[in-house]
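Examination of the molecular architecture
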Amino acid sequence: MLLDPPAEGVPQADELLRAAMEWHFSPETGSPYWVGRAKEFDFDPRADVATVADLRLFAKVGVDFSAVPAGQLIPRGCLERGDEFGVYESGGATGAPKRIVDATSRAGAVRWQSRMLDEQGFPAGEGSWLHIGPTGPHIMAKNVRNLAHRRGFLCNYVDLDPRWVRRCLAEGRREDFQRYVDHIFDQVRDVVASQPVRAISSTPRMLELLTARTDVLPLLRQTVRGVIWGGTSADGETLRLLQEEVFPEATVRGVYGNTMMGIAPQRSPLPDDKAGCVFRPFHPYSIVELVDPENPDRAVDVDEEGRVRVTVLSRDFFAPPTLERDLAIRRASAPGWAGLELSQVRPYEPAGTKVIEGVY
């Protein structure tokens, strides 16, 4: 089926879009939420949305994913297949957490990510992977588990609660924040002392804080040959520090993404790149646009900063074009790649607002 990512390549965007409209809005296969919402529309998604340009018809279709009962988002066609769904939440950096559902669609994106890591020399084979980051309701842990398994590693976890960290910072409780970070790294030390850790995943902020732990970092340096960072923004100096000074013997690669859009791994660098780290969304399953923050009807030009807008077209989940919390710079896409590519992601903070990223 077209909605299942193939082992090689990706489908044409308009073709996938038509299949998604039929699947999610048909009374036979669509979710109770979307089949019901469509009755309010002044257009028929199955008949009128045939090209990516037609997504503009959803411009007035707002969805509060923090309030929708998650079970209402599951397509009937998936339930008839017996797919096992989970509910996953956003970090809640800009308000109440949003919820999505997923059974197997995100695993397809991870399979694609793993192929990119093969090209970049990221390790695979025997040993352990250590994830230092959110688990629980966050889909990051599911993605990491799938990626570690696909690359032949046994995955260990040290869980952290990003919402508690953000609350400590918002209330100015630096001492509590530091005690919690120390608690996390004490657990990391225990894992590394007994497990053959060859790859790790965490957020840039946690990896930066790790440099202060002289009882943990040397242990990791001895065995780790692959590092994945993601979950928060990172500037060029932080990335240089991680690759050249913290983990000089490892392949360090980033992943931009969030609960709603999925993943956008760092692609291999090209000679004409104007940024050291360029992200490639899983197009067309995630159609990412960068638009003028003051005029979302205008797509920004190459090398111009814009606000991220995402459309999700998977078998398990549909999200119409939705403005996300982040800004990024649009970059020239690599030859042969149909989707948009981007760099230098940072939170979008309208006048009078402040986003606390914390550690995730």
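The shown structure was predicted, so the numbers you read here are calculated from the model rather than taken from an experiment.

It is worth spelling out the nonpolar core at this point. Phe-58, Trp-129 and Phe-247 are the most contacted members of the largest nonpolar core, which totals 99 residues. For this core, the element with the highest residue contribution is helix α8 (residues 174-194), accounting for eight residues.

So, on to the pattern of salt bridges. Here the structure, examined in full by the defined rule, presents 30 salt bridges. Where Glu-245 meets Arg-240, a salt bridge forms, and the shortest distance between an N and an O atom there is 2.9 Å. Note on Glu-245: relative accessible area 41%, which makes it partly exposed.

Thr-238, Leu-239, Leu-242 and Val-246 are the residues of helix α11 (residues 236-246) that are buried. What you see down the axis of α11 is that its buried residues fit within an arc of 110 degrees, all on one side. Residues of α11 that are exposed and point over 90 degrees away from its buried face: Gly-236 and Glu-244. Against the buried residues of α11 lie α9 (204-210), α10 (217-223), β6 (226-230) and β7 (251-258).

Moving on, we get to the sheet that holds strand β13 (residues 341-347). The five strands lie next to each other as β10-β9-β11-β12-β13, forming an open sheet whose pairing is antiparallel. Here the strands that pair on one side only, and so sit at the sheet edges, are β10 (295-299) and β13. Direction aside, neighbouring strands of the sheet carry axes that sit 55 degrees apart on average. Summarising the sheet, strand β9 (residues 286-292) and β10 pair through two bridges and their orientation is antiparallel. Paired with Asp-292 across the strands is Asn-295, a residue of β10. Where helix α1 (residues 13-25) meets the sheet, it contacts β11 (305-313) and β12 (318-331), and its direction lies at approximately 55 degrees from that of β11.

Sheet architecture is open: six strands sit in the order β4-β3-β5-β6-β7-β8, paired in mixed fashion. Both edges of this open sheet fall to β4 (154-159) and β8 (262-265), since each of them pairs with a single strand only. Ignoring strand direction, the axes of neighbouring strands in this sheet form an average angle of 25 degrees. Helix-sheet contacts for helix α5 (residues 105-119) involve β6, β7 and β8, and the interaxial angle to β8 is about 10 degrees.

Bringing the side chain of Glu-89 into the picture now. In this structure, Glu-89 sits in strand β1 (residues 86-89). Here Arg-163 takes part through its side chain, which lies 2.7 Å from a polar atom of the side chain of Glu-89. In contact with Glu-89, not counting residues within four places along its chain, are Pro-97, Lys-98, Arg-99, Pro-137, His-138, Arg-163 and Thr-259.

Next up on the list: the packing of α5 against helix α6 (residues 139-150). Relative to each other, α5 and α6 sit at 50 degrees, their axes nearing to 9 Å. In terms of axis orientation, α5 runs oblique to α6. Handedness of the α5/α6 crossing: right-handed. Across from Arg-106, Ala-107, Val-110, Arg-111, Gln-113, Ser-114 and Leu-117 in α5, the residues of α6 making contact are Ile-139, Asn-143, Asn-146, Leu-147 and Arg-150. Tallied by class, the residues present in the contact of α5 with α6 amount to five nonpolar, four polar and three charged.

Rules used in this analysis
Residues numbered from 1 in each chain as written. Predicted model: local features only at pLDDT ≥ 70, side-chain atom pairs only at ≥ 80, totals over all residues. Heavy atoms only, no water. Core = buried A, V, L, I, M, F, W, Y, C linked by side-chain atoms within 4.5 Å. Buried < 20%, exposed > 50% of the residue type's maximum accessible area, 1.4 Å probe, protein only. Helix = DSSP H or I, 4+ residues; strand = E, 2+ residues; numbered from the N terminus. Salt bridge = Lys/Arg side-chain N within 4 Å of Asp/Glu carboxyl O. Arc of directions from axis to C-beta. Contact = heavy atoms within 4.5 Å. Pairing = 2+ DSSP bridges. Axes fitted to C-alpha atoms, helices over the stretch in contact; angles between N-to-C directions. Polar contact = N/O pair within 3.5 Å; in protein donor to acceptor, adjacent residues only side chain to side chain. Parallel < 35°, antiparallel > 145°, perpendicular 65-115°, else oblique. Left-handed = near helix turned anticlockwise from the far one by under 90°. Nonpolar A, V, L, I, M, F, W, Y, C, P; charged D, E, K, R; others polar.

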